[in-house]
Amino acid sequence: AEAVGDDVYDFRAGGRVATLHELGAAFSAYAEYAIAYNWTTFRLNMNTGSEPGATVPMVALMASIGVFCMLGVTAGPWAPSTNAPRVVYGRASAVGSAVIRLAQIADIHPLICVAGNEITFVETLTDRSNRNVIINYRGCPESVVQKIEKALNGRKLEYVFGTVSEIGRAHV
């Protein structure tokens, strides 16, 4: 931070920080000239580069929207899992990985995780003991649909969150 406002006490000029910038604000996103709220800002340790610092806040926000809005999860122990199956398309992406982690913390399962060439990576992050399934989308879209239907085992699919956007994926 090159400077901090008069009412900011948690940060000092010269500190290494990152922030979730106010979305759509004209003044918010250019590195050392950014203006941000102190409650969306956090310190970066010396081992954390600026790239993760710039990426993690948006990934966390998008994952939170994915879990608590798109996948219909209610936060907290007072909202037990409905065990309704949920599809996360793009499991190996940063947002996909964060979505799955939040869903695991919230005890949401089964998760039907769709990923591509990164299946080995996805296997290390997906707990299959809760009926979670990993589907490789490489191949034809009809094959992915068939694999999702098989994983549903007759249950209704109500929640899907796509973390990647490519032409041809929307209909799956």
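Numbering of residues begins from 1 in every chain and follows the order in which that chain's sequence is written. Only residues with pLDDT of at least 70 are given local features in this predicted model, and only at 80 or more are side-chain atom pairs given and counted; all residues enter the totals for whole chains, interfaces and linings. Working from all heavy atoms in the structure, the side-chain values ignore hydrogens and water.

Engineer: Looking at this model, I keep getting lost on the nonpolar core. Mind explaining?
Structural biologist: If you look at the biggest cluster of nonpolar residues, it comprises 19 residues, and the most contacted ones within it are Leu71, Val99 and Leu111. The secondary structure listing takes helices from DSSP runs of H or I that are at least 4 residues long and strands from runs of E that are at least 2 residues long, numbered from the N terminus. For this core, the element with the most residues is helix 2 (residues 94–105), which contributes five residues. Formed by ten residues, the second largest nonpolar core is a distinct cluster that contains Val87, Tyr89, Ile112 and Leu152. Take the buried Ala, Val, Leu, Ile, Met, Phe, Trp, Tyr and Cys residues and link them wherever side-chain atoms come within 4.5 Å; each set so joined is a nonpolar core. Each residue's exposure class comes from its accessible area (1.4 Å probe, protein chains only) as a fraction of the maximum for that residue type: buried when under 20%, exposed when over 50%, partly exposed otherwise.

Engineer: Would you mind going over helix 4 (residues 141–152) with me for this structure?
Structural biologist: Note on helix geometry: an α-helix contains 3.6 residues per turn, so any two residues three or four positions apart are oriented the same way. Helix span, expected: 1.5 Å multiplied by one less than the number of residues in the helix. In this model, helix 4 (twelve residues) spans 17 Å end to end at C-alpha, consistent with the 16 Å of a helix rising 1.5 Å per residue. Of all the residues in helix 4, the buried ones are Ser143, Val144, Ile148, Ala151 and Leu152. Where helix 4 is buried, its residues contact strand 3 (86–89), strand 4 (111–115) and strand 5 (133–136). Phi for Asn153, located one or two positions after helix 4, is positive at around 50°. The contact criterion used is simple: two residues touch if any of their non-hydrogen atoms lie within 4.5 Å.

Engineer: In this structure, what is going on with the pattern of salt bridges? I would like to understand it.
Structural biologist: Oppositely charged side chains may form a pair once their charged atoms are brought near each other. Salt bridge, as used here, is a side-chain nitrogen of Lys or Arg placed within 4 Å of a carboxyl oxygen of Asp or Glu. Scanning all chains against the criterion turns up one salt bridge. With its nearest N and O atoms 2.7 Å apart, the salt bridge here joins Glu123 to Arg128. A residue is classified by how much of its surface remains accessible, and Arg128, at 41% relative accessible area, is partly exposed.

Engineer: Looking at this structure, how should I read the pairing of strand 3?
Structural biologist: The two faces of strand 3 match: Arg86 and Val88 on one face and Val87 and Tyr89 on the other face are all buried. Both strand 3 and strand 4 contribute to a ladder of four bridges, which runs parallel. Paired with Arg86 across the two strands is Leu111, which belongs to strand 4. Handedness of a crossover: with both strands directed away from the viewer, a clockwise path from the first strand across the helix to the second marks it as right-handed. Between the parallel pair strand 3 and strand 4, the chain is carried across by helix 2, and the sense of this crossover is right-handed. When DSSP finds two or more bridges between two strands, those strands count as paired. Examined bridge by bridge, strand 3 and strand 6 (residues 159–162) share four bridges and lie parallel to one another. When the bridges of strand 6 are listed, Val87 appears paired with Val160.

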